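Notes for the structure review
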Amino acid sequence: MASIEVNMTMLRSSDNRMLTFLFLTVTIILIVSCNTATDAPEPLQQEVIRQETVQAAPQSMKMAIMGKHISQVRSFPGSEVPRLPASHSQFNTEEYQKMEENPFLEAATNPLSTFSIDVDTASYSNARRFINRGQFPPKDAIRIEEFINYFTYQYQIPVDKHPFSIYTELSTAPWNSANQLIHIGLQGKTIPKKELPPSNLVFLLDVSGSMHSPHKLPLLKAAFKLLLQQLSEKDRVSLIVYAGAAGVVLPSTPASKKETILASLEKLRAGGSTAGGAGIQLAYQIAKQNFLPAGNNRIVLATDGDFNVGVSSTGALVRLVEEQRKSGIFLTVLGFGMGNYKDDRMEQLADKGNGNYAYIDNLLEAQKVLVKEMGGTFFTIAKDVKIQVEFNPAKVKAYRLIGYENRMLRKEDFNDDTKDAGEIGAGHSVTALYEVIPASTKADLPQTDPLKYQEAKVKSEAYQSDEIMTVKFRYKAPDGQKSQLITRPLLDKKQALENTTNDFRFSAAVAQYGLLMKNSKYKGDTSFDNILNLAKHAKGPDMEGYRAEFIKLVEMTKLLKATE
């Protein structure tokens, strides 16, 4: 009996040792697996650590120390723990800035409308991504001016000393026959490719764990390969990445050395946290080191905007970029991905960085932004472009600017050359629409109490004038500090909607689509059928096929709405 008890004790002791051994083994495997899944893969970490590191999170430092051991684990087939793409996350943390639509303002008491131009297009391609996935985009994701400016228009090329031409047209608002629609267009001058100045391009690429899925880093790589084919031997390229650390992967290199650049690009893998602020600081540092006084100096930030290490708040990042824009370095922001997309942050960074903002949802969009519209995306011909419209109260009772809600300026800002505004790239067109209530129309508008110390009076000349408004533009040369002024009146010569240009009617169709997507209180009689009828008859030549794609998108949205 005693012998049996001793044997049982030994067995239990042996079991305990076995359990302890198994427990320690599983613990070690889990630790290694977690580090493998959350940090940047070995090739990227080695490449970044070899270069100047601005900021490194503790986890990234830990990864550098353990790199050899993790590499050994990965050498066995099946040893790597698979990572779920970011799109598989059960949480949607996309962020969009809340905006209130511009209201109708009385021309008698608010005759001036002032805003900064905008050539961003990200809102349209981002909304398209939602619709193609069978979802309606959030209302705050809809910026109608970016829908309108996604498309090209047949405005006259500038022929005078100014870098852009001005176009205006007036007709009936398609969604409210009692109101008028005013169309204002700017067309930037084109620059032949052989005459483009040399470029100092600093590519700042997000390679954090959130960029792992196919529609993020792999699409980003494919997009930049397209762009690389457009660069000439006089251009130079730097490649900076950031995850838990920010570092230089490729120092400034002639674009003619495409194999070297592509080899550096191919090494990139996604993993780790996101030190976006450190990456931006390093990008400006490298851009300044390689600055071309007579060239195009630009940072191209490609990311989903989900920064979470170091300087990561939107306010701090915006201030960082604002401090740097005086250096003559422009900032282009390219958005990728879904699920954790930070649209509000990237739109503000591009705005304050004297640049533009596009969303890349597929390779065709990459070709549009980086190949077909490369001049407009990367080569600025006018900066701090502002528009101020003065309405004639003898002709206009009230007006509202459609879109541009986060581009509005105070009337005093128009003549203030220290006030930042938008940029126009080579070959870019910019369009703005006003809905106008004629002075002869009865309208129920919010009223204010009469002024105690002054009264507003309309000049008698205003009633005798044929002008419905005067448009003023201010802009600076890309390297200038003093603005130039252009003034254009618009005569009150309304024409029937069917007699307007294709550009007028198509832009009106796109505006209606935006109003409907936002469920705007100003949408009037608009409907999917009205939009489709107007767009189909205004499609015009459509060499790129973008207008035809819009028509299909409206049809898809109509079907999606019917299934709700």
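Above this text you will find the structure in question.
Quick summary incoming for the structure in this document. (Residues numbered from 1 in each chain as written. Predicted model: local features only at pLDDT ≥ 70, side-chain atom pairs only at ≥ 80, totals over all residues. Heavy atoms only, no water.)

1. Side note on the side chain of Asn179
What counts, and what does not: Each helix is a run of DSSP H or I of at least 4 residues and each strand a run of E of at least 2, with the numbering of both proceeding from the N terminus. For this analysis, residues touch if any pair of their heavy atoms sits within 4.5 Å.
Considering the arrangement of structural elements, one finds Asn179 in strand E4 (residues 176-188). Aside from chain neighbours lying at most four places away, what touches Asn179 is Phe104, Thr172, Ala173, Glu435, Val436, Ile437 and Pro438.

2. Details of the pattern of salt bridges
Rules: What makes a salt bridge here is a side-chain nitrogen of Lys or Arg within 4 Å of a carboxyl oxygen of Asp or Glu, nothing more. When a residue's accessible area, from a 1.4 Å probe over protein chains only, is under 20% of the maximum for its type it is buried; when over 50% it is exposed; and in between it is partly exposed.
Inspection of the entire model under this criterion finds 26 salt bridges. Note that Asp118 is salt-bridged to Arg407, the shortest N-O span being 3.1 Å. Of this pair, Asp118 sits in the loop between strand E2 (112-116) and helix H4 (122-132) while Arg407 sits in the loop between strand E12 (396-401) and strand E13 (422-425); the two residues are 289 residues apart in sequence, bridging distant segments of the chain. Neither residue differs from the other here; Asp118 and Arg407 are each classed as buried. For Asp306, the salt bridge is made with Lys342, and the minimal N-O distance between the two is 3.8 Å. Taken together, the residues span a long stretch of sequence, with Asp306 in the loop between strand E8 (296-303) and helix H9 (314-324) and Lys342 in the loop between strand E9 (330-335) and helix H10 (343-352) at a distance of 36 residues. The pair Asp306 / Lys342 is uniform in exposure class, with both members buried. Residues joined by salt bridges that share partners form a network here, namely Asp118, Asp120, Glu347, Asp351 and Arg407.

3. A look at empty space enclosed by the protein
Selection rule: Cavities and pockets are defined on a 1 Å grid built over the protein atoms alone: a cavity is a set of grid points where a 1.4 Å probe fits but cannot escape, while a pocket is an open set with protein on both sides within 12 Å along at least five of seven lines, and lining residues are those with an atom within 4 Å of any such point. Grid points are joined across faces, edges and corners, and a volume is the space filled by probe spheres set on the points. Gly is put with the polar residues, along with every residue not named as nonpolar or charged; the nonpolar set is Ala, Val, Leu, Ile, Met, Phe, Trp, Tyr, Cys and Pro, and the charged set is Asp, Glu, Lys and Arg.
The final tally for this structure, using the stated rule, is four cavities of 30 Å³ or more. Counted as a void, the largest cavity has a volume near 80 Å³. Along its surface, the largest cavity is lined by Phe203, Leu205, Phe224, Leu228, Val237, Leu239, Ile261, Leu262 and Leu265. Secondary-structure elements contributing two or more residues to the lining of the largest cavity are strand E5 (199-206), helix H6 (217-228), strand E6 (236-242) and helix H7 (258-266). Among the elements that line the lining of the largest cavity, the one with the most residues is H7, at three residues. Grouping the amino acids of the lining of the largest cavity by side-chain chemistry returns nine nonpolar, no polar and no charged. Roughly 60 Å³ of internal volume is contained in the second largest cavity. Among the elements of the structure, helix H12 (374-378) and E13 are those that each provide at least two residues to the lining of the second largest cavity. For the lining of the second largest cavity, the element with the most residues is E13, which contributes three residues. Of the residues assigned to the lining of the second largest cavity, the class counts are two nonpolar, seven polar and two charged.

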